[in-house]
There are 2 protein chains.
Amino acid sequence: MHSFTEENYIKAIYKLLESNDETVSTNAIAERMNTKAASVTDMLKKLSAKKLVNYQKYQGVTLTAKGEKTALNIIRKHRLWEMFLVEKFNFTWDEVHDVAEQLEHIQSEKLIDELDKFLNFPKVDPHGDPIPDAKGKLHLQKSKPLSQFNIDDVCVITGVVDHSPSFLRYLDKQGFVLGNEIKIKDMADFDRSLQISVNKRASFFISNDVAKNILVIAKQI
Amino acid sequence: MHSFTEENYIKAIYKLLESNDETVSTNAIAERMNTKAASVTDMLKKLSAKKLVNYQKYQGVTLTAKGEKTALNIIRKHRLWEMFLVEKFNFTWDEVHDVAEQLEHIQSEKLIDELDKFLNFPKVDPHGDPIPDAKGKLHLQKSKPLSQFNIDDVCVITGVVDHSPSFLRYLDKQGFVLGNEIKIKDMADFDRSLQISVNKRASFFISNDVAKNILVIAKQI
DNA sequence: ATTTATTTTTAGACTTATCTAAATTTTAAT
DNA sequence: ATTAAAATTTAGATAAGTCTAAAAATAAAT
Ligand SMILES: [Mn+2]
Ligand SMILES: [Mn+2]
Ligand SMILES: [Mn+2]
Ligand SMILES: [Mn+2]
């Protein structure tokens, strides 16, 4: 139906729309896909002809309903496969992304339905990102970066902003695990670095840069 | 490393070498891949440049050691995925091939090692075909078509020659299952059709055409 | 040993996805 | 309102894989 390349463009556009403005620029897509603006323009024409995007020269691009549905299906597959690799195949959360990038393009409705069932219909992937259901419905959790909390706040780790293997391995080394409880013990004014305790263990420091990349929700008390 | 297309050519050449002569013709490859001879020639030059095949104009083609190793790895992945789909995802043996054709190209050593382990290192796939081990070693079983046996012979179903969904579904309907015991009750001289009993159930007729496509080994008595 | 038929290869063209360099449009700055 | 800068699009090329039609080589038939 759609080529791998088309699917990757659709997904990139979806992610850019998700995190930013109401339309996506040619350059933004080019940067995210590690290609040149000229290539993006060519592809936008193709996707537009297929009614996957709303595109007018120089005016940026958005996804059509059909394009969004396509994007959500690819993301569903990506996240289910990541979950599978971690839960069943002993992959760590920093290892799964590259393989999932390949697996997300496999076409078989039955395969994905069975995968979902096999994993017992998970709601979030190993990075805490929500998994769209078979209908493309996606339940967002209203989490915020840890950097937005204050001294004595207690919150629960729900995900990450930065998905890079190096950041994920850093979190592993520090003992951060999704679902763990973080208490902010102290905050330095000059750089907003934090002294925190994870699951009531010995406290330690993290930079504001790290805090901005850890997603949490306030603990219900 | 190698494109999907290159991998598919390598696999096709391997299969043709396996079942037939000592070299493979351009036309044979074209037929198997549903392409034209001209396209095959182009690809053979490319594979030759990559040292995957031994190719000289007009002289047919064979695989190099490197090419054969590549082929066996793809076949290993294909058959492990077929096994996985049947054992874990409720696929029937007539449904798995098309999905495995996609999955066989996923690149991740760890994924395949874990898949193998998850399935407890199976020796044969759902169709009875041998699965190469991680080193590319392949243990062939010396089975023969049921059509080569005679009245009163007892044998065990080990595989199929024809892998088409329609043949596999026919076998399902008749109650043939790998490992089942077949006893030949009678044979018609004029068309070599057989009256057989599977696992000592009520006997029925099969054509010589069917018998030629069921692989068996003589039952040890 | 020629002629004929078949197989295989080459030549040239097309599609998808990419690039660089040049042209155009939009946006920002004077 | 011009001019300058940035973003975007077009033009023209390239590489992978495919095709048709024509040429060349091999195999088969007389
Ligand atoms: Mn991922
Ligand atoms: Mn993820
Ligand atoms: Mn198969
Ligand atoms: Mn098989």
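Cut-offs used in this document
- Residues numbered from 1 in each chain as written.
- Chains lettered and ligands numbered in written order.
- Predicted model: local features only at pLDDT ≥ 70, side-chain atom pairs only at ≥ 80, totals over all residues.
- Heavy atoms only, no water.
- Near = heavy atom within 4 Å.
- Polar contact = N/O pair within 3.5 Å; in protein donor to acceptor, adjacent residues only side chain to side chain.
- Helix = DSSP H or I, 4+ residues; strand = E, 2+ residues; numbered from the N terminus.
- Contact = heavy atoms within 4.5 Å.
- Buried area = accessible area lost by both parts, 1.4 Å probe.
- Salt bridge = Lys/Arg side-chain N within 4 Å of Asp/Glu carboxyl O.
- Nonpolar A, V, L, I, M, F, W, Y, C, P; charged D, E, K, R; others polar.
- Buried < 20%, exposed > 50% of the residue type's maximum accessible area, 1.4 Å probe, protein only.
- Phe/Tyr/Trp six-rings, centres within 6.5 Å; stacked < 30°, edge-to-face > 60°.
- Lys NZ or Arg CZ within 6 Å of the ring centre and 35° of its normal.
- Pairing = 2+ DSSP bridges.
- Axes fitted to C-alpha atoms, helices over the stretch in contact; angles between N-to-C directions.

Caption draft 1: Spatial organisation of the protein's contact with DNA strand D. Near DNA strand D you find 21 residues, and of these Lys45 and Tyr55 of chain A together with Ser3, Ser39 and Lys46 of chain B are the closest. Of what DNA strand D places within 4 Å of the protein, 78% of the atoms are sugar or phosphate. Within the backbone of Tyr58 of chain A, a nitrogen or oxygen atom sits 2.8 Å from a phosphate oxygen of DNA strand D. Looking at the surface near DNA strand D, the elements with two or more residues in it are α2 (26-33) and α3 (37-49) of chain A together with α1 (4-19) and α3 (37-49) of chain B.

Caption draft 2: Molecular detail of the interface of chain B and chain A. Between chain B and chain A, the contact holds 21 residues from the first and 21 residues from the second. Both faces considered, chain B and chain A share a buried interface measuring about 1,800 Å² in area, 72% of it formed by carbon and sulfur atoms. Among the residues of chain B in contact with chain A, Phe89, Gln102 and Lys110 of chain B are the three that bury the most area, contributing 29% of the side total. Applying the counting criterion to the chain B and chain A interface returns two salt bridges. One salt bridge connects Lys110 of chain B with Glu95 of chain A, and the closest N-O pair in it is separated by 3.4 Å. Ranked by residue count, the leading element in the side of chain B that touches chain A is helix α6 (residues 109-118) of chain B, at six residues. Partitioning the side of chain B that touches chain A into residue classes produces 11 nonpolar, five polar and five charged.

Caption draft 3: Quick peek at unusual backbone geometry. All names here are of chain A. Its identity is not glycine, yet Asn120 carries a phi of approximately 65°, on the positive side. Look at Asn120 and you get exposed, because its relative accessible area is 61%. The backbone of Asp152 shows a phi angle near 80°, a positive value even though the residue is not glycine. Here Asp152 is to be found in the loop between β3 (144-145) and β4 (154-160). A residue is classified by how much of its surface remains accessible, and Asp152, at 53% relative accessible area, is exposed.

Caption draft 4: Structural context of the packing of aromatic side chains. According to the stated counting rule, one finds 18 aromatic pairs over all chains in the structure shown. Each ring, one from Phe84 of chain A and one from Phe84 of chain B, has its centre 5.7 Å from the other, and the planes form 75°; the classification is edge-to-face. Note that Phe84 of chain A is positioned in helix α4 (residues 65-89) and Phe84 of chain B in helix α4 (residues 65-88), a pairing that runs across two chains. In this structure Phe84 of chain A comes out as buried when scored by relative accessible area, which is 0%. Look at Phe84 of chain B and Phe118 of chain B: their rings are 6.3 Å apart centre to centre, the planes differ by 45°, and that puts the pair in the tilted class. Here Phe118 of chain B lies in helix α6 and Phe84 of chain B lies in helix α4, a separation of 34 residues in the sequence. Relative accessible area serves as the criterion here: at 25%, Phe118 of chain B is assigned to the partly exposed category. Above the face of the Phe118 of chain B ring, Lys88 of chain B is positioned so that its terminal group lies 4.9 Å from the ring centre. Seen from the ring of Phe91 of chain A, Lys110 of chain B lies directly overhead, with NZ or CZ sitting 5.1 Å from the centre.

Caption draft 5: Spatial organisation of the sheet that holds strand β8 (residues 214-218) of chain B. Residue and element names in this part refer to chain B. Here we have six strands laid out as an open sheet, ordered β3-β8-β4-β5-β6-β7, and antiparallel in their pairing. Where the open sheet ends on each side, the last strands, each with one partner, are β3 (144-145) and β7 (204-206). In this structure, strand β5 (residues 181-187) lies alongside strand β6 (residues 194-198), joined through five bridges in antiparallel fashion. Bridging across to β6, Lys183 finds its partner in Ser197. Packing against the sheet, helix α7 (residues 165-174) makes contact with β4 (154-160), β7 and β8, and its axis sits at approximately 145° to β4.

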